[in-house]
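Coordinates in review
What follows is the residue order along each chain.
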Amino acid sequence: MKAVPHPGTLRRAPVQRRSAERLTRILDACADLLDEVGYDDLSTRAVAQRAGVPIGSVYRFFGNKRQMADALAQRNLERWTARVAERLKETGDGGWQSAMDAVLDEYIAMKRTAPGFSLVDFGNQIPVGTRGEPNHRVADRLSELLSGYLDREPDDDLRRTFLVAVETADTLVHLAFRMAPEGDDRILVEARELLRAYLARVLD
């Protein structure tokens, strides 16, 4: 999957295929290095070397490493959205329960497998421990993605419902991954049950 970050996260959006492929290599290198050295020791020069591109190519898209991490977070959000949408096509009309499973399953899968995801996920980990705006973006995305599936208007009530669910899942999933490298399954089960109880009260 080669989702390109939203142009708003880039100094200059890629126009040609070659430029888009170079951007993909830069973000892939950034993700790998985040896992290897962490955010504090990440540098644009190291990313350029890992990606096999001139340092000027990095600065063509990003002014600094924070902008690179933000673009990686945006790409993560686009990829996660696409994965959830694909799951929903496969499950058909399974109601909000199957939708919630798709949302949570794909997030946990990316936590376990996507390079750099443990640090930046959708943007709420750098500086480490920060929360806030990214969860609002995820809640808005879920409102857009699931409103038709749930036969609900993407109004303020639905956005608030998803924001509460996202904030809850965010906290509990991060707890699970602090307890075990692959996520403590018992905590993940509790998270799923808690979300089901809350959404049943609101969506049924």
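Residues numbered from 1 in each chain as written. Predicted model: local features only at pLDDT ≥ 70, side-chain atom pairs only at ≥ 80, totals over all residues. Heavy atoms only, no water.

1. Regarding the nonpolar core
If you look at the biggest cluster of nonpolar residues, it comprises 35 residues, and the most contacted ones within it are Trp-80, Phe-122, Val-138, Leu-142, Leu-146, Phe-162 and Leu-199. When residues of this core are assigned to their parent elements, the largest contribution, nine residues, is made by helix α5 (residues 95–113). Within the second largest apolar cluster, 24 residues are counted, among which are Ile-26, Ala-29, Leu-119 and Val-120. (Core = buried A, V, L, I, M, F, W, Y, C linked by side-chain atoms within 4.5 Å. Buried < 20%, exposed > 50% of the residue type's maximum accessible area, 1.4 Å probe, protein only. Helix = DSSP H or I, 4+ residues; strand = E, 2+ residues; numbered from the N terminus.)

2. Focus on the side chain of Asp-101
With respect to the helices and strands, Asp-101 occurs in helix α5. According to the relative accessible area criterion, Asp-101 is buried, its value standing at 18%. Separated by 3.0 Å, the side chains of Asp-101 and Arg-192 make a polar contact. When sequence neighbours within four positions are dropped, the list of residues in contact with Asp-101 reads Arg-87, Arg-192 and Arg-196. (Polar contact = N/O pair within 3.5 Å; in protein donor to acceptor, adjacent residues only side chain to side chain. Contact = heavy atoms within 4.5 Å.)

3. Things to note about the pattern of salt bridges
Counted under the stated rule, the structure contains 16 salt bridges. Its salt-bridge partner being Asp-28, residue Arg-75 comes within 2.8 Å of it at the nearest N-O pair. On the criterion of sequence distance, the pair formed by Arg-75 in helix α4 (residues 65–91) and Asp-28 in helix α1 (residues 17–37) is long-range, its members being 47 residues apart. Relative accessible area serves as the criterion here: at 3%, Arg-75 is assigned to the buried category. The partner of Arg-83 in a salt bridge is Glu-106, and the shortest N-O contact between them spans 2.8 Å. Here the residue Arg-83 occupies a position in helix α4, and Glu-106 occupies one in helix α5, the gap between them amounting to 23 residues. Classification of Arg-83 by relative accessible area gives partly exposed; the value is 25%. Residue classification places Glu-106 among the buried residues on the basis of a relative accessible area of 10%. Taken together, the salt bridges that share partners define one network made up of Arg-83, Arg-87, Asp-101, Asp-105, Glu-106, Arg-192 and Arg-196. (Salt bridge = Lys/Arg side-chain N within 4 Å of Asp/Glu carboxyl O.)

4. What to know about the packing of α1 against α4
The description of two packed helices rests on the angle between their axes and on the distance between the axes. Interaxial distance between α1 and α4 falls to 10 Å at its minimum, and their mutual angle equals 100 degrees. Here α1 lies roughly perpendicular to α4, going by the angle between them. For the pair α1 and α4, the contacting residues are Thr-24, Ile-26, Leu-27, Asp-28, Cys-30, Ala-31 and Leu-34 in the first and Met-68, Ala-71, Leu-72 and Arg-75 in the second. Its residues assigned to classes, the contact of α1 with α4 shows eight nonpolar, one polar and two charged. (Axes fitted to C-alpha atoms, helices over the stretch in contact; angles between N-to-C directions. Parallel < 35°, antiparallel > 145°, perpendicular 65-115°, else oblique. Nonpolar A, V, L, I, M, F, W, Y, C, P; charged D, E, K, R; others polar.)

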